[in-house]
Amino acid sequence: MRRLPIRPLALFATIGALTALTACDTETAGAGSGGTGPDRTIRAQRVLRVTTPHEATGSTLLEGPVLDGKGRLTLVDVTAPAGAPKVLRVDLGRKAVRTLHTDDRGAYTSAQFSPYDGRLYLTDYAHGEIVSLAPDGGDRRVLFAGEVDGAPMNPDDLAFDEEGNLYVSDSRGLTEGAALGRVVRVDRDGKRASVLVDHLAATNGISFDADFDGLWFSELTRNRISYLPLAGQGGVSAPHTAVRVDGGIAQTDSIAVDADGNLYQALHGRPAMAVYDKYGARLATVEIPARDRGLESATNVAITPGGSTAYMTVSGPAGGYVYTFDALADGIRQSNGG
């Protein structure tokens, strides 16, 4: 998630400065057809508009795309006010949208299905909670709330390991402009949480690599992606900077990883995604058509598990949209939600 200008509603007071089925025609430029490199462009095509800006909050912001076993796309609208759809389900074949969940308090910034219990997990940035829903949107439960090592969380994105434990990007410090962000591990039963990395600058995207050997995470206000090697039983080694993103006015948002280990780095401030290999080489940039005006940020992507069709969430004054493109490799759990 990232900053968006919002009106001063009580629900969003804790967020402060935050805001933070069409066939796909792939076009390449610079690198030539079928090539890869910093000059290659993959052109995403519009599928449908999902939301329009809310009068109460002055914005709309789609996030957390995740596909279920029936091929339906679930999204969250971060700035939806009380009573408006906060979790939405999109039937991509019919291009139909319905409300899956709403409430009077949550500011949900990501969504992902647990491999352990099959429930849909959401991060509530405003209240520092991780909550879950039944697949049909009911039975809301709070998995975790409260402080971690003496400080509350602002949970942004999440990733599950193979046993169902959660790894959360804690964007604490964004409002103050201080490097207070963390990567936090929460046991699947919610009874224990621990800090794996701290002193980060607005931690945002988080994803396991293709083999679950380590975590990629981004820092919104440093425009960098780091890699955190993992050991057994939740142990970690020292993280290191893996990619410095030349974003200009854009900033690093959410991250997804495909079956070949490629990273899809969403960009806040530009409706595009930068694609890198696991060694940091820029492979391509996913862009929307230049004619599509009024869109400012790409927040995240879901790549069809076992297939290469990708669905990217894009938002701005024109509303919240889903776009589609052909990914460079098949989707896996690490490229579906978060």
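Everything below is about the structure printed above this text.
Residues numbered from 1 in each chain as written. Predicted model: local features only at pLDDT ≥ 70, side-chain atom pairs only at ≥ 80, totals over all residues. Heavy atoms only, no water.

**Q** Lay out the overall build of the chain in plain terms, naming residues and giving numbers.
**A** Each helix and strand in the chain was counted, giving zero helices and 27 strands. Out of the 338 residues in the chain, the part that is buried amounts to 60%. When the accessible surface of the chain is split by element, carbon and sulfur atoms take 46% of a total near 12,500 Å². (Helix = DSSP H or I, 4+ residues; strand = E, 2+ residues; numbered from the N terminus. Buried < 20%, exposed > 50% of the residue type's maximum accessible area, 1.4 Å probe, protein only. Areas by Shrake-Rupley, 256 points an atom, 1.4 Å probe, with all protein chains shown as cover.)

**Q** Pulling in residues and values, what's your account of the sheet that holds strand 13 (residues 155–160)?
**A** Sheet architecture is open: four strands sit in the order 13-14-15-16, paired in antiparallel fashion. In this open sheet, the two edge strands, each paired with only one partner strand, are strand 13 and strand 16 (193–200). Each strand of the sheet is rotated relative to its neighbour by a mean of 20°, with strand direction disregarded. Across five bridges, strand 14 (residues 166–170) lies against strand 15 (residues 181–186) in antiparallel orientation. Across the sheet, residue V168 finds its bridge partner in strand 15, namely V184. (Pairing = 2+ DSSP bridges. Axes fitted to C-alpha atoms, helices over the stretch in contact; angles between N-to-C directions.)

**Q** I'd like a rundown of unusual backbone geometry, residues and numbers included.
**A** A positive phi angle is found at D139, which is not glycine, with a value near 55°. Along the chain, the position of D139 falls in the loop between strand 9 (129–133) and strand 10 (141–144). A residue is classified by how much of its surface remains accessible, and D139, at 42% relative accessible area, is partly exposed.

**Q** Lay out the sheet that holds strand 2 (residues 45–51) with the relevant residues and their values.
**A** In a beta sheet, neighbouring strands pair by backbone hydrogen bonds and run either parallel or antiparallel. Pairing within the open sheet is antiparallel, and its four strands lie in the order 2-27-26-25. On the outer flanks of this sheet lie strand 2 and strand 25 (297–303), each paired with one strand and no other. Neighbour to neighbour, the strand axes of the sheet diverge by 25° on average, direction disregarded. Here strand 2 pairs with strand 27 (residues 319–326) via five bridges, running antiparallel. Of the residues in strand 27, the one forming a bridge with T51 is G320.

**Q** Can you tell me about the pattern of salt bridges, naming the residues and giving the values?
**A** Between side chains of opposite charge, a pair can form when the charged atoms approach closely. Within this structure, the stated rule accounts for 15 salt bridges. A salt bridge links D103 to R140, with the nearest nitrogen and oxygen atoms 3.8 Å apart. Taken together, the residues D103 in the loop between strand 6 (96–101) and strand 7 (108–113) and R140 in the loop between strand 9 and strand 10 connect sequence positions 37 residues apart. Residue classification places D103 among the buried residues on the basis of a relative accessible area of 15%. Residue classification places R140 among the partly exposed residues on the basis of a relative accessible area of 31%. Residue R291 pairs with D292 through a salt bridge whose shortest N-O separation is 4.0 Å. The class of D292 is buried, set by a relative accessible area of 14%. The network of salt bridges with shared partners includes K86, D103, R105, E129 and R140. (Salt bridge = Lys/Arg side-chain N within 4 Å of Asp/Glu carboxyl O.)

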